[in-house]
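Spelled out from the first residue to the last, the chains are:
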Amino acid sequence: MTSVKEKEAIRKLMVFLQEWDSAHKVARSRILDNFIKSNDGKTEPELELEFSQGASLFLARLTAWLRMTYTYSTCLNRLLKSVGIFLSAASGRRYLTEFLEIGGVSILLEILGLNHLKEEDKRESVKLLQLIADAGRKYKELICESYGVRSLAEFLATSKSAEAQEDAQVLLDSLGRGNPKYQNQVYKGLIAVLPCASPRAQQLALQTLRVMQ
């Protein structure tokens, strides 16, 4: 039987979700700011406690909004950071699975190729891809199967942000390790960066190639 305390917690969750569902862009940005501030670094059990065992209901809303708006959203950075709280949560493998099921990898890779988006949004996208790759070999393979090496190599070659280029290089290096099926693809992707116009990108690609040889 559900206790009075549990019923109140569930009621609060429903009110929160209804507030999100009915909110416009500005109000949703405020909700995301509060969520990031309150939940950064939390584990899966802590997120479930915060959301009365219904954290996945909020993640589903975040991913649905991301899927609908990532090509033009003005609060894309907040949205990606909020998803990142779920993907980085200790013991939160099911959140990762839920994100991948909606095509999360393809969305993150597509963000990298959209010229009108901000560098900081693309960098946040790379960070989420790194969290996915860190989950193990099958997740690295999924990124590679989704043409991730090509997208990341192009981003490394064309990005104007040194920090973003370094993030892309670290991820490419990660995809080349413990991932024998796609190691050669990563190697070729890095070779393709060498003729680009960015000396920094050339240097980072060379560093990674030396390590791989």
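Note: the structure precedes this text.
Residues numbered from 1 in each chain as written. Predicted model: local features only at pLDDT ≥ 70, side-chain atom pairs only at ≥ 80, totals over all residues. Heavy atoms only, no water.

### Section: the side chain of Arg28
As a reminder of what qualifies: Each helix corresponds to a stretch of at least 4 residues labelled H or I by DSSP, and each strand to a stretch of at least 2 residues labelled E; elements are numbered beginning at the N terminus. Relative accessibility thresholds used throughout: buried, under 20% of the residue-type maximum; exposed, over 50%; partly exposed, between the two (1.4 Å probe, protein chains only). Counting rule for charge: Lys and Arg are taken as positive, Asp and Glu as negative, and neither His nor the chain ends is counted. Counted as salt bridges are all cases of a side-chain nitrogen of Lys or Arg within 4 Å of a carboxyl oxygen of Asp or Glu. We call two residues contacting when some pair of their heavy atoms lies within 4.5 Å.
Along the chain, the position of Arg28 falls in helix H2 (residues 25-39). Although buried, Arg28 forms no salt bridge, and the nearest oppositely charged side chain, Asp21, lies 4.9 Å from it. Setting aside its immediate chain neighbours within four residues, Arg28 contacts Trp20, Asp21, Ala23 and Trp65.

### Topic: helix H4 (residues 55-69)
Worth spelling out the cut-off: Expected span of a helix: the number of residues minus one, times 1.5 Å.
With 15 residues, H4 ought to run about 21 Å at 1.5 Å a step, and its terminal C-alpha atoms sit 21 Å apart, in line with that. Within the sequence span of H4, burial applies to Ala55, Ser56, Phe58, Leu59, Leu62, Thr63, Trp65, Leu66 and Thr69.

### Side note on the layout of surface pockets
For clarity, the cut-off: Only protein atoms enter the 1 Å grid used here. Points where a 1.4 Å probe fits but cannot escape make up a cavity, open sets with protein on both sides within 12 Å along at least five of seven lines make up a pocket, and a residue lines them when an atom lies within 4 Å of a point. Grid points are joined across faces, edges and corners, and a volume is the space filled by probe spheres set on the points. Three classes are used, and their members are as follows: Ala, Val, Leu, Ile, Met, Phe, Trp, Tyr, Cys and Pro are nonpolar, Asp, Glu, Lys and Arg are charged, and the others, Gly among them, are polar.
For the largest pocket, the calculated volume is near 340 Å³. Tallied by class, the residues present in the lining of the largest pocket amount to seven nonpolar, four polar and four charged. Taken as a whole, the second largest pocket spans an internal volume of roughly 240 Å³. Taken together, 15 residues form the lining of the second largest pocket, with Ser73, Thr74, Leu76, Lys118 and Asp121 sitting closest to its centre. When contributions to the lining of the second largest pocket are tallied by element, the ones reaching two or more residues are helix H5 (76-87) and helix H8 (119-133). A total of four residues in the lining of the second largest pocket trace back to one element, the largest contributor, which is H5.

### Notes on the packing of helix H12 (residues 183-193) against helix H13 (residues 199-212)
In helix packing, the relevant descriptors are the interaxial angle and the interaxial distance, both defined with respect to the helix axes. Note the cut-off: Here an angle of 0 to 180 degrees is reported between the N-to-C directions of two axes, which are lines fitted to C-alpha atoms, with helices fitted over the stretch in contact. Here the word oblique covers every angle except those under 35 degrees (roughly parallel), over 145 (roughly antiparallel) and from 65 to 115 (roughly perpendicular). For a crossing to be left-handed, the near helix must be turned anticlockwise from the far one by less than a right angle; the clockwise case is right-handed.
Interhelical geometry of H12 versus H13 gives an angle of 150° and a closest axis separation of 8 Å. With respect to H13, the axis of H12 lies roughly antiparallel. Of the two elements, H12 crosses H13, and the hand of that crossing is left-handed. The residues of H13 that touch H12, namely those facing Gln183, Val186, Tyr187, Leu190, Ile191 and Val193, are Ala201, Gln202, Ala205, Thr208, Leu209 and Met212. Partitioning the contact of H12 with H13 into residue classes produces nine nonpolar, three polar and no charged.

### Quick look at the packing of aromatic side chains
For clarity, the threshold we go by: Note on aromatic pairs: the rings of Phe, Tyr and Trp (six-membered ring only in Trp) are paired at centre separations within 6.5 Å, and the planes decide the class, stacked below 30 degrees, edge-to-face beyond 60, tilted for the rest. Charges are assigned to positions over rings by a cutoff of 6 Å between ring centre and Lys NZ or Arg CZ, combined with an angular limit of 35 degrees from the ring normal.
What the rule picks out here adds up to nine aromatic pairs. Residues Phe35 and Phe86 carry aromatic rings whose centres are separated by 5.6 Å and whose planes lie at 15° to one another, so their mutual orientation is stacked. Of this pair, Phe35 sits in helix H2 while Phe86 is found in helix H5, placing the two residues 51 residues apart along the sequence. Overall, the relative accessible area of 4% leaves Phe35 in the buried class. With a relative accessible area of 0%, Phe86 lands in the buried category. On the basis of an interplanar angle of 85° and a centroid distance of 5.1 Å, the ring pair of Phe86 and Tyr95 is categorised as edge-to-face. The same class applies to Phe86 and to Tyr95, which are both buried. One aromatic cluster in this structure is built from Phe16, Trp20, Phe35, Phe51, Phe58, Trp65, Phe86 and Tyr95. Here the guanidinium or amino end of Arg28 rests over the ring plane of Trp65, the centre of that ring lying 5.0 Å away.

### Quick word on the environment of Ile111
Structurally, the position occupied by Ile111 is in helix H7 (residues 104-112). Ile111 gets classed as buried once you look at its relative accessible area, which sits at 0%. Distance from Ile111 to Val126, taken between C-alpha atoms, is 9.4 Å for residues 15 residues apart in sequence. When residues no more than four places from it in sequence are discounted, the contact partners of Ile111 are Tyr70, Leu76, Leu80, Leu117, Asp121, Lys122 and Ser125.

### Here's the deal with the pattern of salt bridges
Side chains that carry opposite charge are capable of pairing whenever their charged atoms lie near each other. Using the criterion set out here, one finds twelve salt bridges in the structure. Measuring nitrogen to oxygen at the nearest pair gives 3.6 Å for the salt bridge that ties Arg30 to Glu19. Residue Arg30 is found in helix H2, and its partner Glu19 is found in helix H1 (residues 4-22); the two are separated by eleven residues along the sequence. A residue is classified by how much of its surface remains accessible, and Arg30, at 44% relative accessible area, is partly exposed. Ionic pairing is found between Asp21 and Arg61, a salt bridge with its closest N-O pair at 2.9 Å. One end of the pair, Asp21, is in helix H1; the other, Arg61, is in helix H4, with 40 residues separating them in the sequence. Overlapping salt bridges bring together Glu44, Glu48, Arg94 and Glu98 as one network.

Read these as geometric descriptors, not functional statements.
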